[in-house]
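# Tertiary structure, described
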Amino acid sequence: HGGISVDMISNFDDSDREPIVLPSRLPLLLINGATGIAVGMSTNIPPHNLGEICMAASEIVNSRISKCDSDLSQKLATIVPGPDFPTGGQLIDDGRSLATLYATGQASVTLRAKLHIEPISSKNKKVLIVATEIPYQVTKSDLVAKAAELINAKKLEGIVDLRDESDRDGMRIVFELKKDANPLGVKAALFQLTKLQVSVPANIVAVVSKPDGSSAGTVPKRLSLQAALDLWLDFRFECIRNRVAFQERNKAKRRSIVVALLAAVSMLDQVIALIRNAKNSTEAAPQISTLLGNLDQDQINAVLSLRLSALTRLESDQLQAELSVLDAELAQLRELLSNDDAVYKNILIELDELHVKYALPRRTEIIIESLDAENKVTPAVPNGLSAILVGRNGYVKRVPLAELSRQVRGGRGRALLRDGDLIDHVLTCHDHDTLLCFAETGVAYAVDAFHIPKCGRTAKGTPLAKLIPALPDGPDYANFEKRLQSIVAVSRSEDKENSFLVLLTRNGLLKKTPLAAFRELTARGLVAISLKEQDTLGWAKLCTDDDELVLATRSGNLIKFPALELRETTRQALGSRAIRLRQDDRIAAMDVLSPNQDTVLLVTRHGYGKRVLAQDFERTKRLTTGIKATSFKQPNDTLASICCCTESDDIIIATRRGLIVRQSAQGVSLQKRFSTGVVLQRNTDGEQDPVAELSILPPDLAAASSDEETLQQQEDHELVAL
């Protein structure tokens, strides 16, 4: 069709001809990569290492020569472990993405910058995080500007300075960390919030010939690594055959001319006499053809054009040598035309030459690492101990647990609210915990504890709306019908496959849902339970099948039953009836009794409380009214809350107006079920400021809190001494 190796077609105005596709000695589509979009389709082929692609192509060629292609895909995956980007970086492989990409032609791969940690000085323990390579097609200036915005907005914590120290020796973006920042946490936050880590949606789509082999048009097709290399090899095979056929035709034509010239030289006197006696070249042509043995027109023209200088013996010897060379070359060319293996061996030689000449070491490092959605990044802040307080006015704050020092039983407590606010929730947690917040409507939201700004116990706090956009801001929250009703702290080390969330409604409907069902929970919210009319969500707790569930009513009744009796349900399911309520009675609280807890602590609205051995409460079936758990000293008193604990735990009691007292559970006397208890929090106005919240502080948190208090006191003494 007019081309030596490839077909030619007319150009746009039919003034010239151009190749349909350029011949290539390498699979450049894989090596250089490609990006494109069309109607209903797109392609995004990542670049690869030239040396690796050469070796992979050679492996396919060898398989065709040996007629053995077993385990070829596995061999190719070993030779080509992944894309190789010119800007370097690190390619994160979770064990599936790259295998899927090369098996199916489509997958999303994660590319991150190459960072390392440099100490500034051992004295102040400050460190730098330095980026020396960034992801492919990420602009450095945009990356630095975006990081600066996040730092100024306090969304990227733990960084005190950001500098671009890049020069002709290479890239160097420097993040200077605060003294108490966690370097690994800041690294993870940088990957999560900036383009130091990006997701590359790879899609190996190319235009190929139609499956029926017809030359009338092409079709787009998604290709695996092996399919892409096979198509290139077929194309390269065809190019070589076309080139060899062109060369064979030209050399065969030249050989015929050399043979004619040699014949003319061998009969030189007759040829000269014939030409001298002929009137013109037209008359001489058939006579020369007859004389020398049926020559074609090209041979006749070559004889007629023979110069006198070519009649020497030297020229004759040169023609004879040329004929020998042509015979050898034609033999090689015809071997390539008739033997497929010869063509494949020629391709192998080409690949080896290009590999030696152009191959470079891989720039992109491949890291085997899990990127499961549930594996969140480690926060940049230390994993301290805090108390989370949510007020009725819609503000939330995180108070260091060291500020809630232990008090003796019967104290009045410390004020932690201001401006007449009322308390809705109090709980203790680590700063790296995730807080699952449940609204009355059954919708759950997730907030990282460290995202709640830390403040003093008398500070106002931060509006909940800044953390959970679905909630109203400021005073509107107090009258909002979808206020938060329960908050559960989930540790990062929590066994999500064997843990459950137990949800209880105000009307006594109970359900158990695997914690793993909330894996994708964010501040945007997910439905945690479906509710009937005139019912709202009241309580949420974490449990396992080894635990027991304890429900108590305001009148002082309590039921206890194994969590295993409650069947698993999906997030959107309704609950089942858990307790039968007497007329005018309401559910007061729900808690989980784990195997290592031996007592149940009960607190009334007027501040009286006691501990009762868990074994004193017999297991009962659901749908009963329960058994008597406590009596009341005052006729208008009711049960406020319960918690399951051990004597080594600490407890935190909070009144509606924000008076909080922390005391040891061991200081609460152990009594029988019908006893009225002792004063835990002295309350001068039980009706106007009743006990609202009861929270447990496990031994590990209590001990760590005491250590923090001791450390703070030592630092205070050192400051005084200075």
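Since the structure is predicted, the reported quantities are computational estimates derived from the model, not experimental observations.

Definitions and limits used
- Residues numbered from 1 in each chain as written.
- Predicted model: local features only at pLDDT ≥ 70, side-chain atom pairs only at ≥ 80, totals over all residues.
- Heavy atoms only, no water.
- Helix = DSSP H or I, 4+ residues; strand = E, 2+ residues; numbered from the N terminus.
- Rg over C-alpha atoms; globule rule 2.2 N^0.38 Å.
- Buried < 20%, exposed > 50% of the residue type's maximum accessible area, 1.4 Å probe, protein only.
- Contact = heavy atoms within 4.5 Å.
- Areas by Shrake-Rupley, 256 points an atom, 1.4 Å probe, with all protein chains shown as cover.
- Lys, Arg positive; Asp, Glu negative; His and termini not counted.
- Charge placed at Lys NZ, Arg CZ, Asp CG, Glu CD.
- Phe/Tyr/Trp six-rings, centres within 6.5 Å; stacked < 30°, edge-to-face > 60°.
- Lys NZ or Arg CZ within 6 Å of the ring centre and 35° of its normal.
- Expected span 1.5 Å × (residues − 1).
- Patch = residues over 30% accessible without salt bridge, like charges linked within 9 Å, V, L, I, M, F, W, Y side chains within 5 Å.
- Salt bridge = Lys/Arg side-chain N within 4 Å of Asp/Glu carboxyl O.
- Polar contact = N/O pair within 3.5 Å; in protein donor to acceptor, adjacent residues only side chain to side chain.
- Axes fitted to C-alpha atoms, helices over the stretch in contact; angles between N-to-C directions.
- Parallel < 35°, antiparallel > 145°, perpendicular 65-115°, else oblique.
- Nonpolar A, V, L, I, M, F, W, Y, C, P; charged D, E, K, R; others polar.
- Pairing = 2+ DSSP bridges.

Turning our attention to the overall build of the chain. A count of helices and strands for the chain gives 13 helices and 38 strands. Radius of gyration (C-alpha) of the chain: 42 Å, far over the 27 Å computed for a compact globule of 722 residues. Viewed in the frame of its principal axes, the chain has a C-alpha envelope of about 150 × 65 × 45 Å. Counting the 722 residues in the chain, one finds 45% classified as buried. Looking at the chain alone, contacts between residues at least 24 apart form 71% of all its contacts between residues at least 6 apart. On the chain, roughly 36300 Å² of surface is accessible, and the fraction owed to carbon and sulfur atoms is 50%. When the 88 positive and 92 negative side-chain charges of the chain are each reduced to one mean point, those points stand 6 Å apart.

Counted by the stated rule, this structure contains three aromatic pairs. When the ring of F237 is compared with that of Y344, the centres are 5.1 Å apart and the planes differ by 40 degrees; the resulting orientation is tilted. Separated by 107 residues along the polypeptide, F237 in helix α7 (residues 225-266) and Y344 in helix α12 (residues 340-358) bring together distant segments of the chain. The side chain of R112 reaches across the aromatic face of F191, ending 4.3 Å from its centre. One residue, R506, lies across the ring of W539, its end atom 4.6 Å from the ring centre.

This paragraph deals with helix α2 (residues 50-66). End to end, α2 covers 24 Å across 17 residues, agreeing with the expected 24 Å (1.5 Å per residue, within 8%). Within the span of α2, buried status applies to L50, G51, E52, I53, C54, A56, A57, S58, I60, V61 and S63. Turning to α2, the residues buried within the fold contact α1 (28-32), α3 (72-79), α7 and α12. Phi turns positive one or two residues past the end of α2, at K67, with a value near 60 degrees.

What follows concerns a negative patch on the surface. Together, D13, D14, D16 and E18 make up a negatively charged patch on the protein surface. Mapped onto the elements, D16 comes out in the loop between β1 (8-10) and β2 (17-19).

With 19 residues, α12 should reach 27 Å at 1.5 Å per residue; the first-to-last C-alpha distance of 27 Å fits that figure. Along α12, the residues that are buried comprise A342, V343, Y344, I347, L348, E350, L351 and L354.

Residues I9, I20 and V21 make up a contiguous nonpolar surface patch of roughly 250 Å² in combined accessible area. By the secondary structure assignment, I20 is in the loop between β2 and α1. Look at I20 and you get exposed, because its relative accessible area is 53%.

Throughout the structure, instances matching the rule amount to 32 salt bridges. R236 serves as the salt-bridge partner of E350, at 3.0 Å between the closest nitrogen and oxygen. Pair noted here: E350 is in helix α12 and R236 is in helix α7, with a separation of 114 residues, a long-range link. Owing to a relative accessible area of 4%, R236 belongs among the buried residues under this scheme.

Moving on to the environment of D327. Along the polypeptide, D327 turns up in helix α11 (residues 313-338). On the basis of relative accessibility, which here comes to 33%, the residue D327 falls in the partly exposed class. Separated by 76 residues in the primary sequence, D327 and K251 place their C-alpha atoms 8.9 Å from one another. Separated by 2.4 Å, the side chains of D327 and R255 make a polar contact.

Turning to the packing of α3 against α7, a few remarks are in order. Each packed pair of helices is defined by two parameters, the angle between the axes and the distance between the axes. Where α3 meets α7, the axes come as close as 10 Å, and the angle between the chain directions of the two elements is 95 degrees. If you check the angle between α3 and α7, you find them roughly perpendicular. On α7, the residues that touch L72, S73 and L76 of α3 are L225, Q226 and L229. Here the contact of α3 with α7 is built from residues that sort into four nonpolar, two polar and no charged.

We now examine the pairing of strand β24 (residues 509-514). Of all six residues in β24, five are buried; the element is thus mostly enclosed. Relative to β24, strand β23 (residues 500-505) runs antiparallel, the two being bridged by five bridges. When the bridges of β24 are listed, L501 appears paired with T513. Here β23 folds back onto β24, and the loop between the two strands holds three residues, one of which, G508, carries a positive phi near 90 degrees. When β24 meets strand β29 (residues 576-577), the two strands line up antiparallel, connected through two bridges. Among the inter-strand pairings, L510 is bridged to a residue of β29, identified as S576.

Another point: the environment of L435. Inspection of the secondary structure puts L435 in strand β19 (residues 434-439). Each C-alpha atom of the pair L435 and C68 lies 58 Å from the other, and the pair is 367 residues apart in sequence. Contact partners of L435, with chain neighbours within four places excluded, come to I388, L427, C429, Y445, A446, V447, A449, I452, I487, V488 and A489.

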